[in-house]
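Residue-level listing of the chains:
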Amino acid sequence: MGRKYQVISGDGHLETPPDFVAFLPEKYKDRAPKLITLPDGGGDAWLMEGMPLTYASQNLRGRGKVKFAGQSYFKDDGSRTDGAGDGAQRLREQDEDGIDAELLFVPVFASRFLEKIPDHDAYLAMVRAYNDWLAEYCSIAPDRLIGNALMPISGIDDAIGELERVHSMGFKSVQLLNSPSGGNAPKPEDDRFWEKALELDMPLSPHMSFAGVMNTGGPRHDTAQWPVEAGMTQHSQTAPAPTMAQLIVNGTFERFPELKFYFAEINAAILPASMYYMDRDYLEYNSWFELELPKMPSQYMKDHAIYGMVREPLAVKIGQHLPNDMPLELFWWGSDFPHSVGTFPHSRKYIEETFADLDPAVRHMLLVGNAAEHLHLDLDADITETPNA
């Protein structure tokens, strides 16, 4: 009997040096981000086009202390620190943490620097190079290192082209940083991307949100001038609420009733309050908006997304006592490795303590069920064993 999936983390991060630069065409390599070592123990920092100097920080915590400066991707002996190594190192870290697989999100530095590059061809080349590197990184065990391919924000044709390309490469999921057309709000051409994603049966896995930048008016808070989605989320604090409100108001879910997202690390305990406030504000301000939705905003939130939960025992307690307001079946647990609020290397201990009193069926959904459904994984299949060091 081979090894089976028991725990699949829905929130892993590839905080690595810019290894993907090796996959860039030569003519763009001088435009790529560069990692430098600061003097006097200042740690590592990024030099990136269009960006101020960006310091390695708490995203490299791993098993160490949270540090907001002075972090490095390398240990004193020159080897890679926790979460910054190659695929084989990552598999060993999974074993140490007691998990079997991870959905791997883009490094924080990449999501910040790429969109600042004004040259279209250079930008798109870097997105493609990152995805090519990611495919190689995961190739040692693609059933356990589940790469979340990055979608470009340089226009709808680029987004659809890269979606089709990464699908042909075997990726199981894609990550959106903005609307598919590249803006901060839905546009009609986005429908082409949603249609293609559904046709390819490609899971959509943003991190906390995508787009969702709201205009909440001037200092007088003249609510009558707000867009509907801004009023609907006036009091909603959880990250995906603005994104979902935009799609709700745009009618996206009526046109694509099968469309569904996975939003990781949303500060889960806030979700029930967020959905309540979305419903309340939709009703309260509708004399201005005059918008008739087929469903309440909270129902869209439940029907068209699942959500990430990291180190959040309060969210579990709320779900146990208020299951209608906080359906734990909507969640997928993640370790957030190697970030600062993560549970590495004690994830199994955290799971056993926090989920101890949960119904086994709910626990299963949190740890593997939603992962398997979202990513089309076979829970009966034997998974790749970790190679010997």
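These figures come from a predicted structure and were not determined experimentally.

Of all 5 residues making up strand β9 (residues 305-309), 5 are buried, and the element is well covered by its neighbours. Note that strand β8 (residues 261-263) and β9 share 3 bridges and pair parallel. Bridging across to β9, Phe263 finds its partner in Tyr307. Across 3 bridges, β9 lies against strand β10 (residues 331-333) in parallel orientation.

Before going further, it helps to spend a moment on the sheet that holds strand β4 (residues 54-55). Taken in spatial order, the 3 strands of this open sheet run β2-β3-β4, and their pairing is antiparallel. Edge positions in the open sheet fall to β2 (34-37) and β4, since each of these has one partner strand only.

This part is about the layout of surface pockets. Space inside the largest pocket adds up to approximately 480 Å³. Forming the boundary of the largest pocket are 25 residues, of which His13, Val108, His207, Met208 and Glu265 lie nearest the centre. Among the elements that make up the lining of the largest pocket, the one with the highest residue count is helix α2 (residues 108-113) (3 residues). Here the second largest pocket defines a volume of roughly 330 Å³. In terms of lining, the second largest pocket is formed by 15 residues, of which the most central are Glu258, Lys260, Glu373, His374 and His376. Mapped onto the lining of the second largest pocket, the elements with two or more residues apiece are α5 (190-200) and α14 (360-375). Residues that form the lining of the second largest pocket fall into these classes: 8 nonpolar, 3 polar and 4 charged.

A few words on empty space enclosed by the protein. For the structure on display, the rule yields 4 cavities of 30 Å³ or more. Approximately 100 Å³ is the volume found for the largest cavity. Trp46, Tyr55, Ala56, Asn59 and Tyr73 are the residues nearest the centre of the largest cavity, which is lined by 12 residues in total. Contributing elements (two or more residues each) for the lining of the largest cavity: β4 and α2. Looking at the lining of the largest cavity, the element that brings in the most residues is α2, giving 3 residues.

Cut-offs and rules
- Residues numbered from 1 in each chain as written.
- Predicted model: local features only at pLDDT ≥ 70, side-chain atom pairs only at ≥ 80, totals over all residues.
- Heavy atoms only, no water.
- Buried < 20%, exposed > 50% of the residue type's maximum accessible area, 1.4 Å probe, protein only.
- Helix = DSSP H or I, 4+ residues; strand = E, 2+ residues; numbered from the N terminus.
- Pairing = 2+ DSSP bridges.
- 1 Å grid on protein atoms, 1.4 Å probe; cavity = no way out; pocket = protein on both sides within 12 Å on 5 of 7 lines; lining within 4 Å.
- Points joined across faces, edges and corners; volume = space filled by probe spheres on them.
- Nonpolar A, V, L, I, M, F, W, Y, C, P; charged D, E, K, R; others polar.

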